[in-house]
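So the chains spell out like this:
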Amino acid sequence: MSESESKTPNHAPFLGVNALTVDVEDYFQVSAFERHIERDQWDAFPRRVERNVERLLELFQNRGAHATFFTLGWVAERHPELIRRIVAGGHELASHGYGHLRAAEQPREEFARDVAHSKAILEDIGGVAIRGYRAPSFSIDERNPWAFDVLVETGYRYSSSVYPVRHDHYGMPGAPRFPYRPNSKIIEVPVTTLQVFGNNLPAGGGGYFRLLPYPVSRFAIRRVNRIDARPAIFYMHPWEIDPDQPRVPAIALRARFRHYINLRTTESKLRRLLDDFRWDRLDRTFALPLS
Ligand SMILES: [Zn+2]
């Protein structure tokens, strides 16, 4: 056991259940498109998030799965009924910030306003306490360790904002792979990685789930469950099961490839994933001490 893992606050043993998480944002809000679409243009795009989340809720309900929905304040303001349906379905409502600004690119005061504002909107609409936060593009890393203090000051109890991998847009490869306390009042639950020859490979969903054949994801989650004896965290976006989403023009080739690859097959992969594992909300899967 490494030093970082020995500081794990609650080494929840693996009880056969993994954590399912959804970052609730629309196809035009993704970080990959941020240079092409200004935030003040967002309202000009046809929104698809409501129908896509409804589809996810149906898929989850059919399999008795519950999930944590890290939701943008911007989306909640425009779809309050959807937020209430998420809560009514027994899912955990959590925050993804207001307008998908990366945590590491906001000054401390601005970040504090962002996370407080989004929390207030979600609590107001959802009628539940918001305890969890996920930074857009996993943007808590070496640049902004103070972000955890801000989350405590604004009333959050846990974060799932660190991806301990090397990636061109995000990642903190040296971070612990499993829940840890960045300070005494908050728990960080990093997205799942697979350790291979000392390197952490992404194994928590997102673009890799779409890109790679499904058995790769199944192998990785099983391995974390069996070898590390820990629950895995899987994350996805509603637009990833929506092959008919409007195409955003003039996007660079690389971003276009990453966004549109295998949209048509993701829902069938997701069904297999839901069938092959048992899934629950992040707060329950990791038995987080949140009170
Ligand atoms: Zn996001």
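Just so it is clear, the model here is predicted, and its values are computed rather than measured. (Residues numbered from 1 in each chain as written. Predicted model: local features only at pLDDT ≥ 70, side-chain atom pairs only at ≥ 80, totals over all residues. Heavy atoms only, no water.)

Would you mind going over the overall build of the chain with me for this structure?
The helix and strand inventory of the chain stands at 11 helices and 11 strands. In terms of overall dimensions, the chain has C-alpha extents of about 50 × 40 × 40 Å along its principal axes. When the 291 residues of the chain are sorted by exposure, 56% land in the buried category. Looking at the chain alone, contacts between residues at least 24 apart form 77% of all its contacts between residues at least 6 apart. Surface accessibility of the chain: about 12,600 Å² in total, with carbon and sulfur atoms responsible for 51%. On the chain, the mean spot of the 40 positive side-chain charges and the mean spot of the 36 negative ones are 6 Å from each other. (Helix = DSSP H or I, 4+ residues; strand = E, 2+ residues; numbered from the N terminus. Buried < 20%, exposed > 50% of the residue type's maximum accessible area, 1.4 Å probe, protein only. Contact = heavy atoms within 4.5 Å. Areas by Shrake-Rupley, 256 points an atom, 1.4 Å probe, with all protein chains shown as cover. Lys, Arg positive; Asp, Glu negative; His and termini not counted. Charge placed at Lys NZ, Arg CZ, Asp CG, Glu CD.)

Would you take a moment to explain the packing of helix α2 (residues 49-62) against helix α4 (residues 80-88) for this structure?
Helices that pack against each other are described as a pair by the angle of their axes relative to one another and the distance between those axes. Relative to each other, α2 and α4 sit at 15°, their axes nearing to 10 Å. The orientation of α2 with respect to α4, classified from their angle, is roughly parallel. For the pair α2 and α4, the crossing hand works out as left-handed. Of α4, the residues touching α2 (which contributes Val-49, Glu-50, Val-53, Glu-54 and Leu-57) are Leu-82, Arg-85 and Ile-86. The class makeup of the residues in the contact of α2 with α4 is 5 nonpolar, no polar and 3 charged. (Axes fitted to C-alpha atoms, helices over the stretch in contact; angles between N-to-C directions. Parallel < 35°, antiparallel > 145°, perpendicular 65-115°, else oblique. Left-handed = near helix turned anticlockwise from the far one by under 90°. Nonpolar A, V, L, I, M, F, W, Y, C, P; charged D, E, K, R; others polar.)

It is not clear to me how unusual backbone geometry should be interpreted in this structure. Could you clarify?
Note: most peptide bonds trans; most residues except glycine with negative phi. You will see that Ser-137, though not glycine, has its phi angle at about 55°, which is positive. For Ser-137, the position within the fold is in the loop between β4 (132-133) and α6 (147-153). For Phe-138, which is not a glycine, the phi torsion comes out positive at approximately 45°. With respect to the helices, strands and loops of the structure, Phe-138 is situated in the loop between β4 and α6.

Where do I start with the pattern of salt bridges in this structure?
Once the charged atoms of two side chains with opposite charge are near each other, the side chains can pair. According to the stated counting rule, one finds 23 salt bridges in the structure shown. The closest approach of N and O atoms between Arg-55 and Glu-58, which form a salt bridge, is 3.2 Å. Residue Arg-55 and its partner Glu-58 are both found in helix α2; the two are separated by 3 residues, about one turn of the helix. Exposure remark for Glu-58: the relative accessible area of 41% places this residue in the partly exposed category. Taking the shortest distance from any N to any O, the salt bridge between Asp-244 and Arg-264 comes out at 3.7 Å. Highlighted residues: Asp-244 in the loop between β10 (233-236) and α9 (253-260) and Arg-264 in helix α10 (residues 263-276), separated in sequence by 20 residues. Relative accessible area serves as the criterion here: at 51%, Asp-244 is assigned to the exposed category. Where salt bridges share partners, they join Asp-43, Arg-47, Glu-77 and Arg-78 into one cluster. (Salt bridge = Lys/Arg side-chain N within 4 Å of Asp/Glu carboxyl O.)

Could you clarify how one ought to interpret helix α8 (residues 214-228) in this entry?
An α-helix turns once every 3.6 residues. As a result, residues three or four positions apart point the same way. Compared with the 21 Å implied by 1.5 Å per residue over 15 residues, the 21 Å span of α8 between its first and last C-alpha is a close match. Buried residues of α8: Tyr-214, Ser-217, Ala-220, Ile-221, Val-224 and Asn-225, and no others. For α8, the angular spread of buried residues about the axis comes to 135°, placing them on one side. For α8, the exposed residues set more than 90 degrees away from the buried face come down to Arg-226 and Ile-227. (Expected span 1.5 Å × (residues − 1). Arc of directions from axis to C-beta.)

Please clarify how the pairing of strand β2 (residues 68-71) should be interpreted in this entry.
Two faces, one strand: in a regular strand the side chains alternate between the faces of the sheet. Burial along β2 is two-sided: the residues Thr-68 and Phe-70 and Phe-69 and Thr-71 are all buried. Examined bridge by bridge, strand β1 (residues 17-24) and β2 share 4 bridges and lie parallel to one another. Counterpart to Val-22 in the pairing with β2 is Phe-69. Read from β1 through α2 to β2, the crossover connection turns out right-handed. One ladder, built from 4 bridges, connects β2 with strand β3 (residues 92-95); its direction is parallel. Bridge pairing in β3 links Thr-71 to Ser-95. (Pairing = 2+ DSSP bridges. Right-handed = clockwise from strand over helix to strand, strands pointing away.)

Where do I start with the confidence of the model for the chain in this structure?
When pLDDT is averaged across the chain, the result is 92; 95% of the residues are at 70 or more. Under a pLDDT of 50 for its full length, residues 1-7 has, in the predicted model, 5 contacts with residues more than four places off or in other chains. (pLDDT = per-residue confidence, 0-100.)

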